[in-house]
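Breakdown of the fold
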Amino acid sequence: VTSPCKILKCNSEFWAATSGSHHLGAEETPEFCTALRAYAHCTRRTARTCRGDLAYHSAVHGIDDLMVQHNCSKDGPTSQPRLRTLPPGDSQERSDSPEICHYEKSFHKHTAAPNYTHCGLFGDPHLRTFTDTFQTCKVQGAWPLIDNNYLNVQVTNTPVLPGSTATATSKLTIIFKSFQECVDQKVYQAEMDELPAAFADGSKNGGDKNGANSLKITEKVSGQHIEIQAKYIGTTIVVRQVGRYLTFAVRMPEEVVNAVEDRDSQGLYLCLRGCPLNQQIDFQTIRSAQATEGRARRKGPSLPAPPEAFTYETATAKCREKLPVEDLYFQSCVFDLLTTGDVNFMLAAYYAFEDVKMLHSNKDKLHLYERTRDLAPGNTAPSGTPPALWVALLCLSQCWLGLL
């Protein structure tokens, strides 16, 4: 699946044309305005296909701000920006960094060490919030994971199979906002089968400012695993592609998590407040029904199923290979194998837990064992749903899979 939204192309053309332009003299401002108008023209051309794209809306607002800052007229030449060659010694190689661009040195020079929190999203999809709430959600389409004064993160989840309620993350957009003398605004975007090792403008750090290297992308495994270090806000982000889908994990100081201007809108951000109640799935109830169905299968005739389909027993055995502790990561693995038949979801759960081990500051809270929130009436898979009904639904699901 390739997004028809071409905002990354617009971003790349503009940043390539204006690299180092904040050093230009006043006589070269018209050249910057021309590039800015070309940027605006590019965003208008792709507007219809970018309605729900966070990077697109950020770019549109950024263009308006830059127009005002540089006193640019919206009318004028819009020739396509020419590519610039970065000068020798550009900040891509610069190692000096002001103290303000190191979170632990600047924000907490005379106070206690910061309290770090973790959020992760993986699989079908499963969410671990900053408060260690663990949920399984539907959340099809575009949803905000994080939105504070320093960065925005948005994910897009798409159905794993046509007509299925099982979804997984197919697109991820991260916007690092411009911050003092540390970093310029940077956009990172990943999609299915495309996990770049650079920001949208081709750079691997925070731009031309003195503290540029306080934001840096490192490729751990080509096309499969990248890590973004944002030292100026004490944040580490891990993005993986497992199979065709993406996983996300972050370690962030509590102070940064709560740095928002509009606290009333915090409930919209999944990492902070979790999924809306009407989007949550009680997979533990479904898991019990799946186990019941497995016993029924042993007593009666088997339903037709494709070769990749898992029974409850084979799914638990497969998950136990990588996840020996039967916590919620293990249970998520079993759930995902039964609902998708894709063994890559087992690896997604495994790597999600590996990221927790690396990023979570409290080693006593790595494993979660119990559902952390009861669902309200009317939600998917409420605890009062008769097991027999779930068995029937699962049988129908298996029959449908067998026809694919």
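See above for the structure.
So, here's what we can say about the structure. Here the residue numbers are simple positions, counted from 1 along each chain's written sequence. Local features in a predicted model are, by the rule used here, given only for residues with pLDDT of at least 70; side-chain atom pairs are given and counted only at 80 or more, and totals for whole chains, interfaces and linings are based on all residues. With hydrogens and water set aside, each side-chain value is computed from the structure's full complement of heavy atoms.

**Here we look at the packing of aromatic side chains**
Any pair of aromatic rings gets described here by the distance separating the centres and the angle formed by the planes. Paired rings are identified among Phe, Tyr and Trp, the last through its six-membered ring, by centres lying within 6.5 Å, and are further divided according to the angle between planes into stacked (under 30 degrees), edge-to-face (over 60) and tilted (the rest). Per the counting criterion, the structure on display carries nine aromatic pairs. On the numbers, 5.6 Å between centres and 15° between planes, the contact of Phe122 with Tyr329 is stacked. Residue Phe122 is found in strand E1 (residues 116-122), and its partner Tyr329 is found in helix H9 (residues 328-340); the two are separated by 207 residues along the sequence. In our convention, an over-ring charge means Lys NZ or Arg CZ found within 6 Å of a ring centre and within 35 degrees of that ring's normal. Positioned over the ring face of Tyr350 is Lys322, at 4.7 Å from the centre of the ring. A run of DSSP states H or I qualifies as a helix once it reaches four residues; a run of E qualifies as a strand once it reaches two. Both are numbered from the N-terminal end.

**Considerations on the state of the cysteines**
By convention in this document, the label disulfide applies to cysteine sulfur atom pairs within 2.5 Å. Applying the stated criterion across every chain yields a total of seven disulfides. Between Cys10 and Cys42 runs a disulfide, and the two sulfur atoms are separated by 2.0 Å. Torsion about the S-S bond of the Cys10 and Cys42 cystine: about -80°, corresponding to left-handed handedness. One end of the pair, Cys10, is in helix H1 (residues 7-18); the other, Cys42, is in helix H2 (residues 29-45), and 32 residues separate them in sequence.

**Re the packing of helix H8 (residues 312-322) against H9**
Between N-to-C directions, angles cover 0 to 180 degrees, with each direction set by a line fitted to C-alpha atoms, over the stretch in contact for helices. Contact geometry of H8 with H9 gives a least axis separation of 9 Å together with a crossing angle of 135°. One element, H8, and the other, H9, form an angle in the oblique class. As for how H8 packs across H9, the hand of that crossing is right-handed. Two secondary-structure elements touch here, H8 through Tyr312, Ala315, Thr316, Lys318, Cys319 and Arg320 and H9 through Phe330, Cys333, Val334, Leu337 and Leu338. Residues are grouped as follows: Ala, Val, Leu, Ile, Met, Phe, Trp, Tyr, Cys and Pro are nonpolar; Asp, Glu, Lys and Arg are charged; every other residue, Gly included, is polar. Classifying every residue of the contact of H8 with H9 gives eight nonpolar, one polar and two charged. Should an angle fall under 35 degrees it is called roughly parallel, over 145 degrees roughly antiparallel, and 65 to 115 degrees roughly perpendicular, with every other angle called oblique. For any helix crossing, the convention is left-handed if the near helix is rotated counterclockwise from the far helix by under a right angle, and right-handed if that rotation is clockwise. Residue contacts are defined here by distance: any two heavy atoms, one from each residue, within 4.5 Å place the two residues in contact.

**Thoughts on H9**
Take the residue count of a helix, subtract one, and multiply by 1.5 Å to get its expected span. With 13 residues, H9 extends 18 Å from end C-alpha to end C-alpha; this agrees with the ideal 18 Å at 1.5 Å per step. Between buried and exposed lies partly exposed: a residue is buried under 20% and exposed over 50% of the maximum accessible area for its type, with that area taken using a 1.4 Å probe on protein chains only. Within H9, the full set of buried residues consists of Leu328, Tyr329, Phe330, Gln331, Ser332, Cys333, Val334, Phe335, Asp336, Leu337, Leu338 and Thr340. In the segment just after H9, Gly341 is the residue with positive phi, at about 70°.

**Topic: the sheet that holds strand E10 (residues 235-242)**
DSSP-based pairing: two strands are paired if at least 2 bridges between them are found. In space, the eight strands of this open sheet follow the order E8-E9-E10-E11-E1-E2-E3-E12, with antiparallel pairing throughout. The open sheet has two free edges, formed respectively by strand E8 (215-221) and strand E12 (280-281), since each of these has just one partner strand. The pairing of strand E9 (residues 225-230) with E10 spans six bridges and is classified as antiparallel. Among the inter-strand pairings, Ala230 is bridged to a residue of E10, identified as Thr235. Set on the sheet, helix H10 (residues 344-359) makes contact with E1, strand E2 (126-128), E9, E10 and strand E11 (245-253); between it and E10 the angle comes to about 165°.

**Details of the pairing of strand E7 (residues 186-191)**
Burial analysis of E7 places six of its six residues in the buried class, the great majority of the element. The alternating pattern of E7 places Lys186, Tyr188 and Ala190 on one face and Val187, Gln189 and Glu191 on the opposite face, and all of these are buried. In terms of strand pairing, strand E6 (residues 167-176) meets E7 through six bridges, oriented antiparallel. Among the inter-strand pairings, Phe176 is bridged to a residue of E7, identified as Lys186.

**With respect to unusual backbone geometry**
In this structure, Val139 is a non-glycine residue whose phi angle is positive, near 30°. Its identity is not glycine, yet Asp193 carries a phi of approximately 65°, on the positive side. Take Asp193: its relative accessible area is 53%, and that puts it in the exposed class.

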